[in-house]
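Spelled out from the first residue to the last, the chains are:
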Amino acid sequence: MDFGPSDEPVALKILIAGGFGVGKTTLVGSISEIRPLRTEEVLSDRGIGIDDVEGVENKTTTTVAMDFGRITIREGLVVYLFGTPGQERFWFMWDELSYGALGAVVLADTRRLTDCFPSIDYFEQRGTPFIVAVNCFDGAEQYEAEEVRVALDLDPEVPVLLCDVRRRTSAKTVLVTLVEHSLRVLTASQP
Amino acid sequence: MTRWMDEEAGPVVRPFALIGGRTRSSGDTLDLVAMVTATGSAPSGGFVPGPEHQRILSLVAVEATSVADIASDLDLPLGVVRVLLGDLKDHKLISIGRASASERILKEVINGLRAL
């Protein structure tokens, strides 16, 4: 990574991942200016083979609304938050989302911890710096961050923290923790 | 546009009709946070920018704007915006930059987030 001229606008991308209903939209809304964003993608229908005709692609489009937020640090320096689509059929969007991303927040719910396994696997494989933020839902049993680390079998350098994504200060801590982690990964990769 | 065709009426033209049904272009690989700037060149080679091309051009003439912000501002799906940006890029009406994060920038972001 190089130092560009200081007047060149810089836009950074942070991904918010995790299972369905874990609080991704709430997190984006607590800390950033939410903006409407739609993506309309062409999917090839690889459904039941009975209607498939060789050489003829059976295509359909789908419109997906994305969680998208913007934090202006200063003029010419903006951080964008993108919620990753929770459903498996939108996996195709992950590669383009994660390309060049500064890092990812994997939101976890201790009642459904396994929901965040696919996200963790994905970022581990891609080498995208990530942290795990445990959203503390009312009524859910409280665990220590270290218990969650063991349950998820995370590397010791991956930060794990408890949070309440409804609170702005908590959401702020989550993002700061991620960027600090990304900075450590960046400096460690430099000779 | 006449008055009854307001925002609530929804799009009058289906998004992919705006781009002649195309779903592939040189804009395909544009990163969501790539910054788009107008080059200020005049259209040449017989290319006539359509109304959506014009909207993008007037947006990025003011300041560099990210691909995602353009889609959001124009209220068009990303796939459509990518095709439109591909057209503009092919005709050298826009330039696309992608500044990478340096240590200095990340420290600035950390301080900026703390100060929110």
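Residues numbered from 1 in each chain as written. Chains lettered and ligands numbered in written order. Predicted model: local features only at pLDDT ≥ 70, side-chain atom pairs only at ≥ 80, totals over all residues.

**Description of the overall build of chain B**
Item 1. Summing up its helical and strand segments, chain B has four helices and three strands in all.
Item 2. Listed N to C, the secondary structure of chain B is β-α-β-α-α-β-α in terms of helices and strands.
Item 3. Buried residues in chain B amount to 35% of all 116 residues. (Helix = DSSP H or I, 4+ residues; strand = E, 2+ residues; numbered from the N terminus. Buried ≥ 20, exposed ≤ 12 C-beta atoms within 10 Å, placed from the backbone.)

**Here we look at the pairing of strand 8 (residues 130-135) of chain A**
Residue and element names in this part refer to chain A.
Item 1. Strand 8 sits mainly inside the fold: six of its six residues count as buried.
Item 2. Residues Phe130, Val132 and Val134 point to one face of strand 8 and Ile131, Ala133 and Asn135 to the other, with burial holding for every one of them.
Item 3. Where strand 7 (residues 103-108) meets strand 8, five bridges bridge the pair, whose relative direction is parallel. Bridge pairing in strand 8 places Leu107 opposite Ala133.
Item 4. Of the crossover connections in this fold, the one passing from strand 7 over helix 3 (residues 117-126) to the parallel strand 8 is right-handed.
Item 5. Looking at chain direction, strand 8 and strand 9 (residues 160-163) are connected through four bridges and run parallel. If you follow Val134 over to strand 9, its bridge partner there is Leu162.
Item 6. As a crossover connection, the stretch from strand 8 through helix 4 (residues 145-152) into strand 9 is right-handed. (Pairing = 2+ DSSP bridges. Right-handed = clockwise from strand over helix to strand, strands pointing away.)

**Digging into the packing of helix 5 (residues 168-189) of chain A against helix 4 (residues 103-114) of chain B**
What describes two packed helices is the angle between their axes and the distance between those same axes.
Item 1. Between helix 5 of chain A and helix 4 of chain B, the shortest axis-to-axis distance is 9 Å and the interhelical angle comes to 165°. Here helix 5 of chain A lies roughly antiparallel to helix 4 of chain B, going by the angle between them. Considering only the axes of helix 5 of chain A and helix 4 of chain B, their crossing is left-handed. Facing helix 5 of chain A, whose interface residues are Lys172, Leu175, Val176, Val179, Glu180, Ser182, Leu183, Leu186 and Thr187 of chain A, helix 4 of chain B presents Glu103, Leu106, Lys107, Val109, Ile110, Leu113 and Arg114 of chain B.
Item 2. The class makeup of the residues in the contact of helix 5 of chain A with helix 4 of chain B is nine nonpolar, two polar and five charged. (Axes fitted to C-alpha atoms, helices over the stretch in contact; angles between N-to-C directions. Parallel < 35°, antiparallel > 145°, perpendicular 65-115°, else oblique. Left-handed = near helix turned anticlockwise from the far one by under 90°. Contact = placed C-beta atoms within 7 Å. Nonpolar A, V, L, I, M, F, W, Y, C, P; charged D, E, K, R; others polar.)

**Some words on the sheet that holds strand 9 of chain A**
Neighbouring strands of a sheet are bound in pairs by backbone hydrogen bonds; such pairs are parallel or else antiparallel.
Item 1. In spatial order, the strands read 2-5-6-1-7-8-9 (chain A); together these seven strands make up an open sheet with mixed pairing. Of all the strands in the sheet, just strand 2 (33-34) and strand 9 of chain A have a single pairing partner and so form its edges.

**Some words on the environment of Leu59 of chain B**
Residue and element names in this part refer to chain B.
Item 1. Topologically, Leu59 is positioned in helix 1 (residues 51-62).
Item 2. You can call Leu59 partly exposed: it has 16 C-beta atoms within 10 Å.
Item 3. C-alpha of Leu59 to C-alpha of Ser72: the two residues are 13 residues apart in sequence and 12 Å apart in space.
Item 4. Excluding residues that lie within four positions of it along the chain, Leu59 makes contacts with Thr65, Ile70 and Asp73.

**So, the environment of Leu152 of chain A**
Residues and elements named next belong to chain A.
Item 1. Relative to the elements of secondary structure, Leu152 occurs in helix 4.
Item 2. Along the primary structure Leu152 and Gly18 are separated by 134 residues, whereas in three dimensions their C-alpha atoms are 13 Å apart.
Item 3. Not counting residues within four places of it along the chain, the set of residues in contact with Leu152 comprises Leu113, Ile120 and Val132.

**Topic: helix 1 of chain B**
Side chains of residues three or four places apart in an α-helix project in the same direction, reflecting 3.6 residues per turn.
Item 1. Under the 1.5 Å per step criterion, the end-to-end length of helix 1 of chain B is 17 Å for 12 residues, consistent within 8% with the ideal 16 Å.
Item 2. Where helix 1 of chain B is buried, its residues touch strand 1 (35-38), strand 2 (65-66), helix 2 (67-74), helix 3 (78-90) and strand 3 (94-97) of chain B. (Expected span 1.5 Å × (residues − 1).)

**Quick look at helix 3 of chain A**
Residues and elements named next belong to chain A.
Item 1. Every buried residue of helix 3 is listed here: Ser119, Ile120, Tyr122 and Phe123. Projected down its long axis, helix 3 carries its buried residues within an arc of 160°, all on one side. Of the residues in helix 3, the exposed ones pointing more than 90 degrees away from the buried face are Asp121 and Gln125.
Item 2. In the stretch just after helix 3, Gly127 is the one whose phi turns positive, near 75°. (Arc of directions from axis to C-beta.)

**Observations regarding the sheet that holds strand 2 of chain B**
Residue and element names in this part refer to chain B.
Item 1. As summarised here, the arrangement of the three strands in space is 2-1-3, forming an open sheet in which the pairing is antiparallel. Pairing within the sheet leaves two strands with one partner each, and these edge strands are strand 2 and strand 3.
Item 2. The pairing of strand 1 with strand 2 spans two bridges and is antiparallel. Paired with Met35 across the two strands is Ser66, which belongs to strand 2.
Item 3. Strand contacts of helix 1: strand 1, strand 2 and strand 3, with the helix running at about 95° to strand 1, the strand carrying the most contacts.

**Digging into the interface of chain B and chain A**
Item 1. Chain B puts 33 residues into the contact, and the matching count from chain A is 38 residues.
Item 2. Listing elements by their share of the side of chain B that touches chain A, those giving two or more residues are helix 2, helix 3 and helix 4 of chain B.
Item 3. Each residue belonging to the side of chain B that touches chain A can be placed in one class, and the counts come to 18 nonpolar, eight polar and seven charged.

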